[in-house]
Amino acid sequence: MKIAIRTLDHTEHLSQEEIQAIEAACAHYEQRPAAAIDALMIVQRRQGWVDDSRLEAVAGLLGMSSAELEGIATFYNHIYRQPVGRHVLHLCNSISCWLCDVDKLADHLRERLQLEFGQTSADGRITLLPNVCLGCCDKAPAMMLDGELIENLSAEKLDEILASLEGGEDG
Amino acid sequence: MDKPMTAHLDTQNPQDLAGYRDTGGYMGFARALDMTPAEVQQQVKDANLRGRGGAGFPTGMKWGFVPMGQDAPKRKYLVCNADEMEPGTFKDRWLMEGAPHLLIEGMMIAAYAIGASRAYLFLRGEYRLCARRLEQAIREAEEAGLLGKDIQGSGYSLELHLHTSAGRYICGEETALLNALEGKRAHPRSKPPFPQIAGLFGQPTIVNNAETLCNLPGILRRGPAWFRDLAADSDDAGTKIYGISGRVRQAGLWELPMGATARQILDLAGGMQDGLKLRGWLPGGASTDFLLPEHLDIPMEYDAIAKAGSRLGTGGIIALDDQHCPVGMVLNLIQFFAQESCGWCTPCRDGLPWAAEILSRIETGKGCQEDLDELSKLCDFMWMGKTFCALAPGAVEPMRSGLKYFADDFQQHIDKGCCPYRQ
């Protein structure tokens, strides 16, 4: 019986710019698979998360198996293997923020967004996630919104930020 | 008072290459290039610099295990551990945002001292502003010929790359960090072989904390005696970036001589917020044992804090006030460690969620007397020698000391069937 072996065409799922950026990362290391985390972060930029086909394409490009790359992708907190919203909000839940009553802010967020941590709003606008200590302990509570740290949070400040996001709060 | 690290620090407008050079920047590296690597190592040994990442291992001694000379492997690596994820710790972020060139120079000195031809700066991904400023500093150093081939005609060449991590606490463990740099899951490696012999890609590697490296420019520029004299009254040498967070009036960071006391740091923070009293404190991050107000006058140095039953750790104090529940605090800490366990060894992978479950039961008033015994047993099951790395023993530290110092609080939760702080 003849077994058909599917060869992956990387360019199908990755843009030229992405391939170039991954190749540049590869040049920093002794071995191509060492660029796995950099590569996953690069492809995540386009749609906010890494889907199966792009993960397979990256694995092919780096000369490793998809299973191995999946093991790496699922290990790290900031590589998303599920779709996320247009905005991703990580609220710090570690000790210095806890001492500054971040739990109350978490309740406020849950109620205001009608979301549990780990969920994305039905309109795809926002994903709510926890985060371990963000290193903002002197200005707690803190969060990371779309990759940028925001400190000295209060319920009022959160409301303002949510309202200012694209399309307003209900947009 | 001499503050060699923060003298260069400006978080709003960090010094560019010219500004850094105008204030003595890169003079330490220039001095290093005039010495042999062995002489640089000796300077750092004489300075009595100890690792600022938490373990306090003497930096010069750590370097001393790297094979040197003609027969040594050609490829060696210097790695900066800037994966600052210890809860309550924010000192490296401050240094990197405010004085990026200081760290780059420190890395260059360390790399030269061990004969490394390539250096990696392993930065946690959440520190985006750090990444932008460090990238800029690296570019400036490259353009000025401070990095690259045959630096300043010395014959020494060094490449420096920034790696931003995708987030896991275990990456701070040095062998796990090496796996992460190799693009793998960040499981710790068994030792021996130690990274100094077989580290990144199997080659000799030194991993130093960012703050440790920031001390090197000063040591090389002004000498080991000057560095030791910075902390004349202490068994340790140099200055330390100390911090405090929690319900204090003005949480923050200060560069102080090694051996400053927690009381001094608390005073600099303006004391506790109105109406609050200090119940206990963790001296250096989540993975250090609780100390009490009666310990506030002990010098914040490695051996003195160890003698009091804790660890200096990162020097980032977390203050527990009298209106927050000690059981709730321990629960929060253990939940963090349970989530961040890499899952490699059983005591950590299973023990931490088990401890979190029991603590959660007690905190919500559903605990029983046996739960306290069970927690004590878990402290033993997850202690040194029973786990693959120091993550679970680090988690045990605040739990066992919390059980000891706040025994009454634990008991009240069980007796009253609720958290007394939530009434």
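Residues numbered from 1 in each chain as written. Chains lettered and ligands numbered in written order. Predicted model: local features only at pLDDT ≥ 70, side-chain atom pairs only at ≥ 80, totals over all residues. Heavy atoms only, no water.

Per an unreviewed UniProt entry, chain B is named NADH-quinone oxidoreductase subunit F, and its organism is Bowmanella dokdonensis. Per UniProt, the comment on chain B under Subunit (unreviewed entry) is "Composed of 13 different subunits. Subunits NuoCD, E, F, and G constitute the peripheral sector of the complex." Under the UniProt heading Function (unreviewed entry), the note attached to chain B is "NDH-1 shuttles electrons from NADH, via FMN and iron-sulfur (Fe-S) centers, to quinones in the respiratory chain." (UniProt positions renumbered as here; feature names shortened; annotations may be inferred.)

Per an unreviewed UniProt entry, chain A carries the name NADH-quinone oxidoreductase subunit E and comes from Bowmanella dokdonensis. According to the UniProt record, the Sequence similarities (unreviewed entry) comment for chain A is "Belongs to the complex I 24 kDa subunit family."

1. Some details on the overall build of chain B
A tally of regular secondary structure across chain B gives 18 helices and eight strands. Expected size for 423 residues packed as a compact globule is a radius of gyration near 22 Å; at 22 Å, chain B falls within 12% of this value. Projected onto the principal axes, the alpha-carbon positions of chain B cover approximately 75 × 45 × 35 Å. Burial status across chain B gives 63% buried among its 423 residues. For chain B, the share of sequence-separated contacts (at least 6 apart) that also reach a separation of at least 24 residues comes to 69%. A total accessible area of about 15,300 Å² is found for chain B, and carbon and sulfur atoms account for 49% of it. For chain B, the centre of its 44 positive side-chain charges and the centre of its 52 negative side-chain charges are spaced 3 Å apart. (Helix = DSSP H or I, 4+ residues; strand = E, 2+ residues; numbered from the N terminus. Rg over C-alpha atoms; globule rule 2.2 N^0.38 Å. Buried < 20%, exposed > 50% of the residue type's maximum accessible area, 1.4 Å probe, protein only. Contact = heavy atoms within 4.5 Å. Areas by Shrake-Rupley, 256 points an atom, 1.4 Å probe, with all protein chains shown as cover. Lys, Arg positive; Asp, Glu negative; His and termini not counted. Charge placed at Lys NZ, Arg CZ, Asp CG, Glu CD.)

2. Thoughts on the pairing of strand β4 (residues 205–209) of chain B
All names here are of chain B. Within β4, five of the five residues are buried, leaving the element largely enclosed by the surrounding structure. Sheet topology places strand β1 (residues 77–82) next to β4; five bridges connect them, and they run parallel. Residue pairing across strands places C80 opposite N208, the latter belonging to β4. (Pairing = 2+ DSSP bridges.)

3. What about the domain arrangement of chain B?
Residues and elements named next belong to chain B. Domain annotation of chain B identifies domain 1 (6–229), domain 2 (244–321) and domain 3 (326–422). Taken over C-alpha atoms, the centre of domain 1 sits 36 Å from the centre of domain 3. Listed by partner, the interface residues are eleven residues for domain 1 and ten residues for domain 3. Summed over both partners, the interface of domain 1 with domain 3 comes to about 960 Å²; 72% of that surface belongs to carbon and sulfur atoms. Of all residues in domain 1, R168, Y169 and H187 bury the most surface against domain 3, accounting for 48% of the area lost on that side. Between domain 1 and domain 3 we count one salt bridge in total. Ionic pairing is found between E340 and R168, a salt bridge with its closest N-O pair at 3.4 Å. Linking domain 1 to domain 3 there are three residue pairs in polar contact (both at pLDDT 80 or more). Per-class residue counts for the side of domain 1 that touches domain 3 are six nonpolar, two polar and three charged. (Domains from an automatic or database assignment. Buried area = accessible area lost by both parts, 1.4 Å probe. Salt bridge = Lys/Arg side-chain N within 4 Å of Asp/Glu carboxyl O. Polar contact = N/O pair within 3.5 Å; in protein donor to acceptor, adjacent residues only side chain to side chain. Nonpolar A, V, L, I, M, F, W, Y, C, P; charged D, E, K, R; others polar.)

4. Here's the deal with unusual backbone geometry
Between A140 of chain A and the following residue, P141 of chain A, the backbone shows a cis peptide bond with an omega angle of -5 degrees. Along the chain, the position of P141 of chain A falls in the loop between β2 (126–131) and β3 (143–145). In this model, K191 of chain B is joined to P192 of chain B through a cis peptide bond whose omega is -5 degrees. Assignment of secondary structure puts P192 of chain B in the loop between α8 (174–181) and β4. Positive phi, close to 45 degrees, is recorded for D150 of chain B, a residue that is not glycine. Examined against the element boundaries, D150 of chain B turns out to sit in the loop between α7 (128–143) and β3 (159–164). Overall, the relative accessible area of 42% leaves D150 of chain B in the partly exposed class. Although it is not a glycine, F201 of chain B adopts a positive phi angle of roughly 50 degrees.

5. A few points about the sheet that holds strand β2 (residues 118–123) of chain B
Residues and elements named next belong to chain B. If you trace the four strands from one edge of the open sheet to the other, you get β3-β2-β1-β4, paired in parallel fashion. Here the strands that pair on one side only, and so sit at the sheet edges, are β3 and β4. On average, adjacent strands in this sheet sit at an angle of 20 degrees to one another, irrespective of strand direction. (Axes fitted to C-alpha atoms, helices over the stretch in contact; angles between N-to-C directions.)

6. Observations concerning the UniProt feature "binding site: [2Fe-2S] cluster" (unreviewed entry) in chain A
Residue and element names in this part refer to chain A. Within this structure's numbering, the places UniProt gives as "binding site: [2Fe-2S] cluster" (unreviewed entry) are C92, C97, C133 and C137. On the basis of their most widely separated C-alpha atoms, the annotated residues across 46 residues gather in one place, lying no more than 9.7 Å apart. When the annotated set is filtered for residues lining the second largest cavity, what remains is C92, C97, C133 and C137. Residues in contact with C92, not counting those within four places in the same chain, are C97, V102, N131, V132, C133, L134, A142 and M143. Along the chain, the position of C97 falls in helix α6 (residues 95–99). Excluding its chain neighbours within four sequence positions, the residues that come into contact with C97 are C92, V102, A140, P141 and A142. (1 Å grid on protein atoms, 1.4 Å probe; cavity = no way out; pocket = protein on both sides within 12 Å on 5 of 7 lines; lining within 4 Å.)

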